[in-house]
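Here's the letter readout for the chains.
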Amino acid sequence: MQALTLIARLSVTGALLLGSHVALAQQQLVPAQSEVQFTARQMGVPLDGHFKKFSAQVAFDPAKLATSKITFTVDTGSATLGSRETDAELPKPTWFNVPKFPQATFESTSIKALGGGKFEVAGKLTIKGNAQNVVAPVTLTQSGTVTTAAGSLPIKRLAFKIGENEWADTSMVADDVLVKFKLALTGVGKI
């Protein structure tokens, strides 16, 4: 149950990273076509979860990456592992501590073009009051008026104090969490 909470927290981190990639464009996020998921392992078994609520503020111009900016926010209380029991644990202080830290954020510091619609977004990810510098690979694809930013970001849950006290033991819940994101945006120019 607490391992699921850890996974949810890691997902928030992934969501933040994903949100930052979406924020690369000075456009609007299309929530119905976007998702932030996370995968954690409890006793070696993968646990998948996602965040239901997130938002992005994006100012992205592929011709002006130095001035492009992404801010992504995830409501930590929206984390779910699909189980009522586990979902009740995630907001507690040991995991996300939602009453004290209701949101996780990502703010970009730089965006680097790698070619072929691929970018590297660096920034500060803050979860539960703990900030870490992260770099997330993002792939942009366009279909009609929608640009999709997709990628994944491995994080270490303990760096953000997700799963404290007895849950800091990585033999029960692994330290590694993979956050995957797919963010749909409108208003992005031709890549």
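Everything quoted here is computed from the prediction, not taken from an experiment. (Residues numbered from 1 in each chain as written. Predicted model: local features only at pLDDT ≥ 70, side-chain atom pairs only at ≥ 80, totals over all residues. Heavy atoms only, no water.)

A. Main features of the overall build of the protein. Looking only at helices and strands, one finds two helices and eleven strands in the protein. Each helix (α) and strand (β) of the protein, taken in turn from the N terminus, gives the series α-β-β-β-β-β-β-α-β-β-β-β-β. With 191 residues in all, the protein has 50% of them scored as buried. (Helix = DSSP H or I, 4+ residues; strand = E, 2+ residues; numbered from the N terminus. Buried < 20%, exposed > 50% of the residue type's maximum accessible area, 1.4 Å probe, protein only.)

B. Structural view of the packing of aromatic side chains. Under the criterion given, the structure shown has five aromatic pairs. A centroid spacing of 5.3 Å and a plane angle of 45 degrees characterise the contact between Phe 38 and Phe 51, whose relative ring orientation is tilted. With Phe 38 in strand 2 (residues 35–42) and Phe 51 in strand 3 (residues 45–51), this pair connects stretches of sequence that are 13 residues apart. On the basis of relative accessibility, which here comes to 0%, the residue Phe 38 falls in the buried class. Judged by its relative accessible area of 2%, Phe 51 falls in the buried class. For the pair Phe 54 and Phe 72, a centre-to-centre distance of 5.7 Å together with 40 degrees between the ring planes defines the contact as tilted. One end of the pair, Phe 54, is in strand 4 (residues 54–59); the other, Phe 72, is in strand 5 (residues 69–75), with 18 residues separating them in the sequence. (Phe/Tyr/Trp six-rings, centres within 6.5 Å; stacked < 30°, edge-to-face > 60°.)

C. Layout of unusual backbone geometry. Even without being glycine, Lys 128 reaches a positive phi, approximately 55 degrees. One can find Lys 128 in the loop between strand 8 (118–127) and strand 9 (130–143). With a phi close to 60 degrees, Lys 161 is a non-glycine residue in the positive phi region. Tracing the chain through its elements places Lys 161 in the loop between strand 10 (146–156) and strand 11 (176–186).

D. Broad picture of the nonpolar core. Counting 43 residues, the largest nonpolar core has Val 36, Phe 60, Phe 72, Phe 96 and Leu 183 as its most contacted members. Per-element tally for this core: the top contributor is strand 11, with five residues. (Core = buried A, V, L, I, M, F, W, Y, C linked by side-chain atoms within 4.5 Å.)

E. View of the side chain of Gln 27. The topology assignment puts Gln 27 in the loop between helix 1 (2–22) and strand 1 (28–29). Relative accessible area serves as the criterion here: at 9%, Gln 27 is assigned to the buried category. In terms of polar contacts, Gln 27 uses its side chain to reach the backbone carbonyl oxygen of Gly 187, at 2.8 Å. For Gln 27, the contacting residues outside a window of four places in its chain are Val 58, Phe 60, Leu 185, Thr 186, Gly 187 and Val 188. (Polar contact = N/O pair within 3.5 Å; in protein donor to acceptor, adjacent residues only side chain to side chain. Contact = heavy atoms within 4.5 Å.)

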